[in-house]
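What follows is the residue order along each chain.
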Amino acid sequence: MDNLNLISNFAEFKELKNIDKSTMIGVLEDVFRHLLIKTYETDENFDIIINADKGDLEIWRNRIIVEDDQVENPNQQISISDARKLDETYEVGEEVADEIKLDSFGRRAVLSLRQNLASRILDLEKANLFEKYSERVGEIITGEVYQVWKKEILVLDDEDNELILPKSEQIPSDFFRKGDAIRAIVSKVEMRNNTPVIILSRTAPEFLERLFEQEVPEIFDGLITIKKIVRIPGERAKVAVESYDERIDPVGACVGMKGSRIYSIVKELRNENIDVVNWTANTQLLIQRALNPAKVSSITIDEEKKTASVYLKPSEVSLAIGKGGLNIRLASMLTGYDIDVYRDVEEEDVDLQEFSDEIDQWIIDALKGIGCDTAKSVLEISPEDLARRTDLEEETIREVVGILKSEFE
């Protein structure tokens, strides 16, 4: 096995694994010096010349010429007789450089060297991959689905590196087949059994944040800031945004004309509903905005317990809670307050004529005769005054009042 064959094989490997030239040369030299130390107990008098582009490698041993009977260390000294076999002009005290062929180390040593070199390059590849993706945590990457398993999906990037998308990091309605393009963020990178494992996520709030950065130039340029994102993946999300330029409407910019900007984000997230909220430091106002589209009547806040009691008209309560309680859950997550919703009941008055099936018409007419046309107008007058003004008996008045009060209980 010659030098050229050994190095050319690994030159190809270098190109495939995208290892830079200087690093590759360093690894090669280190591996060969290890072999020299193992064989000759030292590598100090050896020169290793590597041309990684051509796949050339040469090992030269430097020895001092001594008299024929003074050779004490054949690895560092050479007799004058042997030196003159290489060149007749050599003299004692000069230095001789002779090339060491790879096959002189023996087949077993060369095989061990190849294995060591392969192992070192593999470790280098792993380290490079770990470092590369550690710097990309939080970034969106696009890959190709290579294998779909029950608990995770194997994704290949554009350099055929293997990435993992666990089931727990997939949107519930996600469905991928082999060969599909997939977008996700790099969630974390960890070493398992000395092998880098790159975990992707499509459920992290950061994924939604990166999508907004891609679709909304004002966010990418820093004119609009995303203050907070909360998500129930695949269902609903709330995004609080703030603009440092008064001329820019942050909510309008994020949604786009007729929803053009947010449409592609919603599509990527499997029709996840996205509410964009104008951020404010005013807690009451933030809670009110977070509960959109419901219209809040009033809010009572307990700062110590981090709770908020929100009062709404009965028709607004279901909007505030949302389907499956999603809206109020997300509003609590966005604001950091436990939100309780209460009906703000405003009792409506009822025309007296509505009670004709319970109260005799002549009694109703008597009450109307003193200007009491509704139930509340009757209840606002004391029973004594009612009896005096209508000439009705007090017992009759008490019965009428009881019927009218029951309507509002």
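To be clear, the structure that these remarks concern was listed above.
Residues numbered from 1 in each chain as written. Predicted model: local features only at pLDDT ≥ 70, side-chain atom pairs only at ≥ 80, totals over all residues. Heavy atoms only, no water.

**What to know about the overall build of the chain**
Then, in step 1: From N to C terminus, the chain includes 15 helices and 15 strands.
Then, in step 2: Relative to the 2.2 N^0.38 estimate, which gives 22 Å for 409 residues, the radius of gyration of the chain is 42 Å and therefore markedly larger than a compact globule would have.
Then, in step 3: If you line up the chain on its principal axes, its C-alpha atoms span 150 × 40 × 40 Å.
Then, in step 4: Long-range pairs, those at least 24 residues apart, make up 58% of the contacts in the chain between residues at least 6 apart in sequence.
Then, in step 5: Of the roughly 23,600 Å² of accessible surface on the chain, 45% is carried by carbon and sulfur atoms. (Helix = DSSP H or I, 4+ residues; strand = E, 2+ residues; numbered from the N terminus. Rg over C-alpha atoms; globule rule 2.2 N^0.38 Å. Contact = heavy atoms within 4.5 Å. Areas by Shrake-Rupley, 256 points an atom, 1.4 Å probe, with all protein chains shown as cover.)

**Considerations on the sheet that holds strand 13 (residues 296-302)**
Then, in step 1: A sheet is described by the order of its strands in space; here 3 strands give the open sequence 13-14-15, paired in mixed fashion. The open sheet terminates on both sides in strands that have one partner only, identified here as strand 13 and strand 15 (338-343). On average, each strand axis in the sheet is tilted by 20° relative to the strand beside it, whichever way the strands run.
Then, in step 2: Two elements, strand 14 (residues 307-312) and strand 15, share 6 bridges in a ladder whose sense is parallel. (Pairing = 2+ DSSP bridges. Axes fitted to C-alpha atoms, helices over the stretch in contact; angles between N-to-C directions.)

**Focus: the sheet that holds strand 12 (residues 273-278)**
Then, in step 1: In spatial order, the strands read 10-11-12; together these 3 strands make up an open sheet with mixed pairing. Single-partner strands in this sheet number two, and they are strand 10 (224-232) and strand 12. For this sheet, the mean angle separating the axes of adjacent strands, direction not counted, is 20°.
Then, in step 2: Pairing geometry for strand 10 and strand 11 (residues 236-243), over 8 bridges, is antiparallel. The residue bridging Ile229 from the neighbouring strand is Val239, located in strand 11.
Then, in step 3: Contacting strand 10, strand 11 and strand 12, helix 11 (residues 326-335) runs over the sheet at an angle of about 135° to strand 10.

**A closer look at the packing of helix 2 (residues 21-40) against helix 4 (residues 107-134)**
Then, in step 1: Put simply, helix 2 and helix 4 touch, their axes get as near as 10 Å, and they point 145° apart. The hand of the helix 2/helix 4 crossing is right-handed. Packed against helix 2, whose contacting residues are Thr23, Met24, Val27, Leu28, Asp30, Val31, Phe32, His34 and Leu35, the element helix 4 presents Ala109, Leu113, Asn116, Leu117, Arg120, Ile121 and Leu124 at the interface.
Then, in step 2: For the contact of helix 2 with helix 4, the class distribution of residues is 11 nonpolar, 3 polar and 2 charged. (Left-handed = near helix turned anticlockwise from the far one by under 90°. Nonpolar A, V, L, I, M, F, W, Y, C, P; charged D, E, K, R; others polar.)

**Some details on unusual backbone geometry**
Then, in step 1: Asn292 connects to Pro293 through a cis peptide bond whose omega is 10°.
Then, in step 2: Of note, Asn193 is a non-glycine position whose phi angle comes to about 55°, a positive value.
Then, in step 3: Looking at the element boundaries, Asn193 is found in the loop between strand 8 (181-192) and strand 9 (195-201).
Then, in step 4: The phi dihedral of Lys306 falls on the positive side, at around 55°, and the residue is not glycine.
Then, in step 5: Take Lys306: it is sitting in the loop between strand 13 and strand 14.
Then, in step 6: Lys306 sits in the partly exposed class, given a relative accessible area of 40%. (Buried < 20%, exposed > 50% of the residue type's maximum accessible area, 1.4 Å probe, protein only.)

**Quick look at the nonpolar core**
Then, in step 1: Among the nonpolar cores identified, the biggest contains 25 residues, and Leu208, Phe212, Val239, Leu269 and Ile274 are the most heavily contacted of them.
Then, in step 2: Broken down by element, the residue count for this core peaks at 4 residues, all from helix 5 (residues 205-215).
Then, in step 3: Ranked by size, the runner-up nonpolar core spans 23 residues in total, among them Ala240, Ile287, Val310 and Ile328. (Core = buried A, V, L, I, M, F, W, Y, C linked by side-chain atoms within 4.5 Å.)

**Digging into the packing of aromatic side chains**
Then, in step 1: Counting across every chain of the model gives 3 aromatic pairs.
Then, in step 2: Ring centres of Tyr40 and Phe105 lie 6.4 Å apart, and the angle between their planes is 75°; this geometry places the pair in the edge-to-face category. Separated by 65 residues along the polypeptide, Tyr40 in helix 2 and Phe105 in the loop between strand 4 (95-100) and helix 4 bring together distant segments of the chain.
Then, in step 3: A relative accessible area of 22% places Tyr40 in the partly exposed class.
Then, in step 4: Judged by its relative accessible area of 12%, Phe105 falls in the buried class.
Then, in step 5: Between Tyr311 and Tyr342, the ring centres sit 5.3 Å apart and the planes meet at 25°, which makes this aromatic pair stacked. With Tyr311 in strand 14 and Tyr342 in strand 15, the pair connects residues that are 31 residues apart, well separated along the chain.
Then, in step 6: Among the aromatic residues, those joined into a cluster by ring pairs are Tyr40, Phe46 and Phe105.
Then, in step 7: Across from the ring centre of Tyr146, 4.8 Å away, lies the NZ or CZ of Lys178, which sits over that ring.
Then, in step 8: Arg270 extends its terminal NZ or CZ atom over the ring of Phe176, reaching a point 5.1 Å from the ring centre. (Phe/Tyr/Trp six-rings, centres within 6.5 Å; stacked < 30°, edge-to-face > 60°. Lys NZ or Arg CZ within 6 Å of the ring centre and 35° of its normal.)

**Description of the pattern of salt bridges**
Then, in step 1: All told, the structure shown has 25 salt bridges when counted by the stated rule.
Then, in step 2: Two residues, Arg202 and Asp174, come together in a salt bridge whose shortest N-O distance is 2.8 Å. With Arg202 in the loop between strand 9 and helix 5 and Asp174 in the loop between strand 7 (162-166) and strand 8, this pair connects stretches of sequence that are 28 residues apart.
Then, in step 3: Exposure remark for Asp174: the relative accessible area of 8% places this residue in the buried category.
Then, in step 4: Ionic pairing is found between Asp275 and Lys238, a salt bridge with its closest N-O pair at 2.9 Å. Taken together, the residues Asp275 in strand 12 and Lys238 in strand 11 connect sequence positions 37 residues apart.
Then, in step 5: Take Lys238: its relative accessible area is 1%, and that puts it in the buried class.
Then, in step 6: Shared partners join several salt bridges into a network, and the residues in it are Asp174, Arg183, Arg202, Glu268 and Arg270. (Salt bridge = Lys/Arg side-chain N within 4 Å of Asp/Glu carboxyl O.)

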